[in-house]
Amino acid sequence: MVRSELVVMTDHSSTEGSRDVLATAVRTLTGRPPVLVDARHFMTGGTGRITRTGSPGADTPAADTPGVGAAGGALHLEVPAEGIAVTAEAVLVYEVPPHRRRDFERFQRLLRDHGARSLGTDAEAWRTATEKDLTIERFVRDGIPHMPTVTLTRPSPQAAAEAFDRLGGDVWARPTVGMGGSDVFHITTGAQLDAAARHYAEAGTDWLIARDAANFTPDGRRHQYRVVVLDGRVVRTVEHVQANPDAPCNECRGAVSTLLEDGELPGGLAELAVAATKSLGLPLAGVDLAAENGGVVFEANVHPVFGSVGGLETVAVPYAAAHLGPR
């Protein structure tokens, strides 16, 4: 009998490091290592194959088998270029960078059609969380509190200025698709707005501006929370404190992160994080939010970085464990 394996599928061009943490989580839970597969083989133009024995079209490449149901049998993944052929008990998908996710959507749908045991099959939820203009639309629809935001698609100088004034002249600009606080600017003057507009125009990207949340500590530092939600429950809470009030409140941008214990998160924010995750349709999300303005959500991350302290125990192990039981 061929043994089924747990597959950890990530983009191997990423240097984030989540792949190694997930591999450790699988070994911790099962006593054996997972099979590591590069997600790029299953993106647009890749040669990866997904089949299921006993299903119609089981011997057909994944690119040619949309809509196949999972009527029993074993799930197989193949990467001919690397000599990989594995029977997959479950597929743990993680660390697919935002700009690569659209190329991964077809495979996500095939994972779902084949009945794969995986939390990474919902392409629509990924897209809604990844593309921040869609995130805002969903938050508006579902009444998730957030700072007033305007999406700008190659705006004229007048349109950008009008949106800036409408939001009070103190805003944060960010690309609709990004990560790690890159290309994010705090804007309080017309000159800064013009510079940001030129930056996004040169990059050919749409962008958003959102009213500043005034999320300051008593001594004037920025602060916000990253709340990781898995299957409707909070599994990890971190507070980020940024000494530079004009810099994004990301650890990779200089913010100091502190892992919080149960009960240390201000009241109502855990429920808000769960509601935001549910709004986007994600089984797992790292929700960035602030207590100011009554509690507001900034965004939700499809693949939250595990962090340098406690990420294995608080997120990676529970995430891997969620793939071991019936789904």
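Read on for a plain summary of the structure. Bear in mind the structure is a predicted one, so any value in this text is a computation, not a measurement. (Residues numbered from 1 in each chain as written. Predicted model: local features only at pLDDT ≥ 70, side-chain atom pairs only at ≥ 80, totals over all residues. Heavy atoms only, no water.)

A closer look at the layout of surface pockets
Then, in step 1: Reported here for the second largest pocket is a volume of approximately 230 Å³.
Then, in step 2: Arg-236, Thr-237, Leu-260, Glu-261 and Asp-262 are the residues nearest the centre of the second largest pocket, which is lined by 13 residues in total.
Then, in step 3: Among the elements that line the lining of the second largest pocket, the one with the most residues is strand 11 (residues 233–242), at four residues.
Then, in step 4: Residues of the lining of the second largest pocket, tallied by class, amount to six nonpolar, three polar and four charged. (1 Å grid on protein atoms, 1.4 Å probe; cavity = no way out; pocket = protein on both sides within 12 Å on 5 of 7 lines; lining within 4 Å. Points joined across faces, edges and corners; volume = space filled by probe spheres on them. Helix = DSSP H or I, 4+ residues; strand = E, 2+ residues; numbered from the N terminus. Nonpolar A, V, L, I, M, F, W, Y, C, P; charged D, E, K, R; others polar.)

Some thoughts on the packing of aromatic side chains
Aromatic rings in a pair are described by how distant their centres are and how their planes are angled relative to each other.
Then, in step 1: Evaluation of the coordinates by the stated rule reveals seven aromatic pairs.
Then, in step 2: Residues Tyr-94 and Phe-306 carry aromatic rings whose centres are separated by 5.0 Å and whose planes lie at 15° to one another, so their mutual orientation is stacked. Pair noted here: Tyr-94 is in the loop between strand 5 (84–93) and helix 2 (101–113) and Phe-306 is in the loop between strand 14 (296–301) and helix 8 (311–321), with a separation of 212 residues, a long-range link.
Then, in step 3: Ring geometry for Phe-104 versus Phe-107: centroids 5.4 Å apart, planes at 55°, classification tilted. Linking Phe-104 with Phe-107, this pair stays in helix 2, spanning three residues, or about one helical turn.
Then, in step 4: Looking at Phe-107, the relative accessible area reads 3%, which means it is buried. (Phe/Tyr/Trp six-rings, centres within 6.5 Å; stacked < 30°, edge-to-face > 60°. Buried < 20%, exposed > 50% of the residue type's maximum accessible area, 1.4 Å probe, protein only.)

Concerning unusual backbone geometry
Then, in step 1: You will see that Asp-183, though not glycine, has its phi angle at about 60°, which is positive.
Then, in step 2: With respect to the element layout, Asp-183 can be found in the loop between strand 7 (171–175) and strand 8 (185–187).
Then, in step 3: The phi torsion at Asp-231 lies on the positive side, around 50°, for a residue other than glycine.
Then, in step 4: Examined against the element boundaries, Asp-231 turns out to sit in the loop between strand 10 (222–230) and strand 11.

Concerning the pattern of salt bridges
Then, in step 1: What the rule picks out here adds up to 19 salt bridges.
Then, in step 2: Salt-bridge contacts for Glu-5 lead to Arg-32; the nearest nitrogen and oxygen are separated by 2.8 Å. Here the residue Glu-5 occupies a position in strand 1 (residues 5–10), and Arg-32 occupies one in the loop between helix 1 (18–30) and strand 2 (35–38), the gap between them amounting to 27 residues.
Then, in step 3: On the basis of relative accessibility, which here comes to 15%, the residue Glu-5 falls in the buried class.
Then, in step 4: Taking relative accessible area as the criterion, Arg-32 reaches 22% and is therefore assigned partly exposed.
Then, in step 5: Connected through shared salt-bridge partners, Glu-5, Arg-32, Glu-89 and Arg-117 make up one network. (Salt bridge = Lys/Arg side-chain N within 4 Å of Asp/Glu carboxyl O.)

A word on helix 3 (residues 123–130)
Note: α-helices contain 3.6 residues per turn, so residues at a spacing of three or four share the same orientation.
Then, in step 1: The buried fraction of helix 3 amounts to six of the eight residues, a majority that puts the element mostly inside the structure.
Then, in step 2: Along helix 3, the residues classified as buried are Ala-123, Ala-125, Trp-126, Thr-128, Ala-129 and Thr-130.
Then, in step 3: N-cap assignment for helix 3: the residue whose side-chain oxygen lies 3.3 Å from the backbone N of Glu-124 is Asp-122. (Polar contact = N/O pair within 3.5 Å; in protein donor to acceptor, adjacent residues only side chain to side chain.)

Re the sheet that holds strand 6 (residues 149–152)
Then, in step 1: Strand order in this open sheet of four strands is 6-9-7-8, and the pairing throughout is antiparallel. Looking along the sheet, the strands with just one partner apiece sit at the ends: strand 6 and strand 8. Averaged over all adjacent pairs, the angle separating strand axes in this sheet is 25°, with direction ignored.
Then, in step 2: The pairing of strand 7 with strand 9 (residues 207–211) spans five bridges and is antiparallel. When the bridges of strand 9 are listed, Pro-175 appears paired with Trp-207. (Pairing = 2+ DSSP bridges. Axes fitted to C-alpha atoms, helices over the stretch in contact; angles between N-to-C directions.)

What about empty space enclosed by the protein?
Then, in step 1: Applying the stated criterion across every chain yields a total of one cavity of 30 Å³ or more.
Then, in step 2: Of the pockets and cavities examined, the largest cavity occupies roughly 70 Å³.
Then, in step 3: Together, Val-93, Leu-119, Gly-120, Trp-126, Leu-282, Pro-283, Leu-284, Val-302, His-303 and Tyr-319 line the largest cavity.
Then, in step 4: Tallied by class, the residues present in the lining of the largest cavity amount to eight nonpolar, two polar and no charged.

With respect to the sheet that holds strand 11
Then, in step 1: Taken in spatial order, the five strands make up an open sheet running 12-11-10-13-14, and their pairing is antiparallel. For this open sheet the edge positions go to strand 12 (256–259) and strand 14, each flanked by a neighbour on one side alone. The sheet shows a mean angle of 25° between the axes of neighbouring strands, direction not considered.
Then, in step 2: Most of the contacts of helix 7 (residues 269–280) go to strand 13 (residues 284–290), to which it runs at about 130°, and overall it touches strand 10, strand 11, strand 13 and strand 14.
Then, in step 3: Where helix 8 meets the sheet, its contacts fall on strand 10, strand 11 and strand 13, and the angle it forms with strand 11 comes to roughly 140°. (Contact = heavy atoms within 4.5 Å.)

Side note on helix 6 (residues 190–203)
Then, in step 1: An ideal rise of 1.5 Å per residue puts 20 Å on 14 residues; helix 6 measures up with 20 Å between its terminal C-alpha atoms.
Then, in step 2: Here helix 6 has its buried residues at Leu-193, Ala-196 and Tyr-200. Angular distribution of buried residues about the axis of helix 6 spans 65°; they occupy a single face of the element. Of the residues in helix 6, the exposed ones pointing more than 90 degrees away from the buried face are Ala-191, Arg-198, Ala-201 and Glu-202.
Then, in step 3: Elements in contact with the buried residues of helix 6: helix 5 (157–166), strand 7, strand 8 and strand 9.
Then, in step 4: Remark: Gly-204 follows helix 6 within two positions and exhibits a positive phi of approximately 70°. (Expected span 1.5 Å × (residues − 1). Arc of directions from axis to C-beta.)

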